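Residue-level structure breakdown
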Amino acid sequence: MTNAVYPGTFDPCTNGHLDIIRRSAELFDQVTVGVLRNSAKTPLFSINERVKILKEVTSNLTNVTILSFEGLSVDFARSRGAKVIIRGLRAVTDFEYELQMAQTNRVLAPDIDTMFLTTSLEYAYLSSTTVKEVAGLHEDVSKFVPSYVEGLLKEKFREKK
Ligand code: ADP
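As a further point, take the overall build of the protein. What the protein contains, in helices and strands, is six helices and five strands. Listing every helix and strand of the protein by position from the N terminus yields β-α-β-α-β-α-β-α-β-α-α. In terms of its C-alpha atoms, the protein occupies a principal-axis envelope of roughly 50 × 35 × 30 Å. Within the protein, the fraction of its 161 residues that count as buried is 48%. Looking at the protein as shown, the accessible area adds up to about 9100 Å², and 52% of this sits on carbon and sulfur atoms.

Shown next as structure tokens:
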């Protein structure tokens, strides 16, 4: 069995994330998406909301599991019996940070490797941050996120009005 984990903040999950999850699910027997409970960031969606969103939008993928985690991605990978951490690469701007993190993880856990999937071209520009900015201006985000997430973003920003 080849297991992989895909850790991230997913605040909220975009079509870009979903594309990486779908492609990972084709490559590995089991994929666990790890939603990071990160005290350094103040997310728009709570940890429970982010997990619920990912469960909803991946419900058709039988070999994908969604869990929250705290601490190091390598520890999370070990807890899932995974030797691979998946990350998505959009542009060179992602590269330096991702390389640094992958190398740090390699020192911390030489038995675990990071694998990068390059984003599909149609999602290369997409980030949770820009999606939230557009939704916050009450503009259409239907091209960026699954319709379930679109509805939740509308609700969130209605609350915040
Ligand atoms: P983090 O805070 O860990 O960077 P994110 O939720 O922003 O968490 O992203 C999780 C992973 O998904 C990262 O590897 C990121 O590069 C990747 N990712 C984000 N947006 C996209 C996208 N549009 N296409 C492909 N990968 C993406």
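Picking up where we left off.
Let us now look at the pattern of salt bridges. One pass over the full model with this rule turns up nine salt bridges. Arg78 is the salt-bridge partner of Asp111, the closest N and O atoms lying 3.0 Å from each other. With Asp111 in the loop between α4 (92-108) and β5 (113-118) and Arg78 in helix α3 (residues 73-79), this residue pair connects regions lying 33 residues apart in the sequence. On the accessibility criterion, Asp111 (36% relative accessible area) is partly exposed. Under the relative-accessibility criterion, Arg78 is labelled partly exposed at 43%. Through salt bridges with shared partners, a single ionic network connects Asp75, Arg78 and Asp111.

Let us now look at the side chain of Thr9. Looking at the element boundaries, Thr9 is found in the loop between β1 (3-8) and α1 (15-27). Among residues more than four places away in sequence, those in contact with Thr9 are Val35, Lys41 and Arg50.

Across six bridges, the pairing between strand β2 (residues 30-36) and strand β3 (residues 64-69) is parallel. Looking at β3, one finds that Val33 is bridged to Ile66.

Take the environment of Ser142 next. As for its placement among the helices and strands, Ser142 is situated in the loop between α5 (128-136) and α6 (147-160). On the accessibility criterion, Ser142 (34% relative accessible area) is partly exposed. Taking the C-alpha atoms as reference, Ser142 lies 24 Å from Leu117; in sequence the two are 25 residues apart.

Turning to the site of the ligand, a few remarks are in order. Not every one of the 17 residues close to the ligand is listed here, only the nearest: Tyr6, Thr9, Phe10, Lys41 and Gly88. In the model, an oxygen atom of the ligand is placed 2.6 Å from a nitrogen or oxygen of the Thr9 side chain. Between Thr119 and the ligand, the recorded distance is 3.0 Å, taken from a side-chain N or O atom to a nitrogen atom. Look at the ligand: alone it shows 550 Å² of surface, and the protein chains cover 90% of it. Judged by the fraction of its atoms near the pocket grid, the ligand is located in the largest pocket. Elements with a contribution of two residues or more to the shell around the ligand: β1, α1, β4 (84-89) and α4.

Cut-offs applied
- Residues numbered from 1 in each chain as written.
- Predicted model: local features only at pLDDT ≥ 70, side-chain atom pairs only at ≥ 80, totals over all residues.
- Heavy atoms only, no water.
- Helix = DSSP H or I, 4+ residues; strand = E, 2+ residues; numbered from the N terminus.
- Buried < 20%, exposed > 50% of the residue type's maximum accessible area, 1.4 Å probe, protein only.
- Areas by Shrake-Rupley, 256 points an atom, 1.4 Å probe, with all protein chains shown as cover.
- Salt bridge = Lys/Arg side-chain N within 4 Å of Asp/Glu carboxyl O.
- Contact = heavy atoms within 4.5 Å.
- Pairing = 2+ DSSP bridges.
- Near = heavy atom within 4 Å.
- Polar contact = N/O pair within 3.5 Å; in protein donor to acceptor, adjacent residues only side chain to side chain.
- 1 Å grid on protein atoms, 1.4 Å probe; cavity = no way out; pocket = protein on both sides within 12 Å on 5 of 7 lines; lining within 4 Å.
- Sits in = over half its atoms within 2 Å of the grid points.

Function cannot be inferred from these measures alone, as they are strictly geometric.
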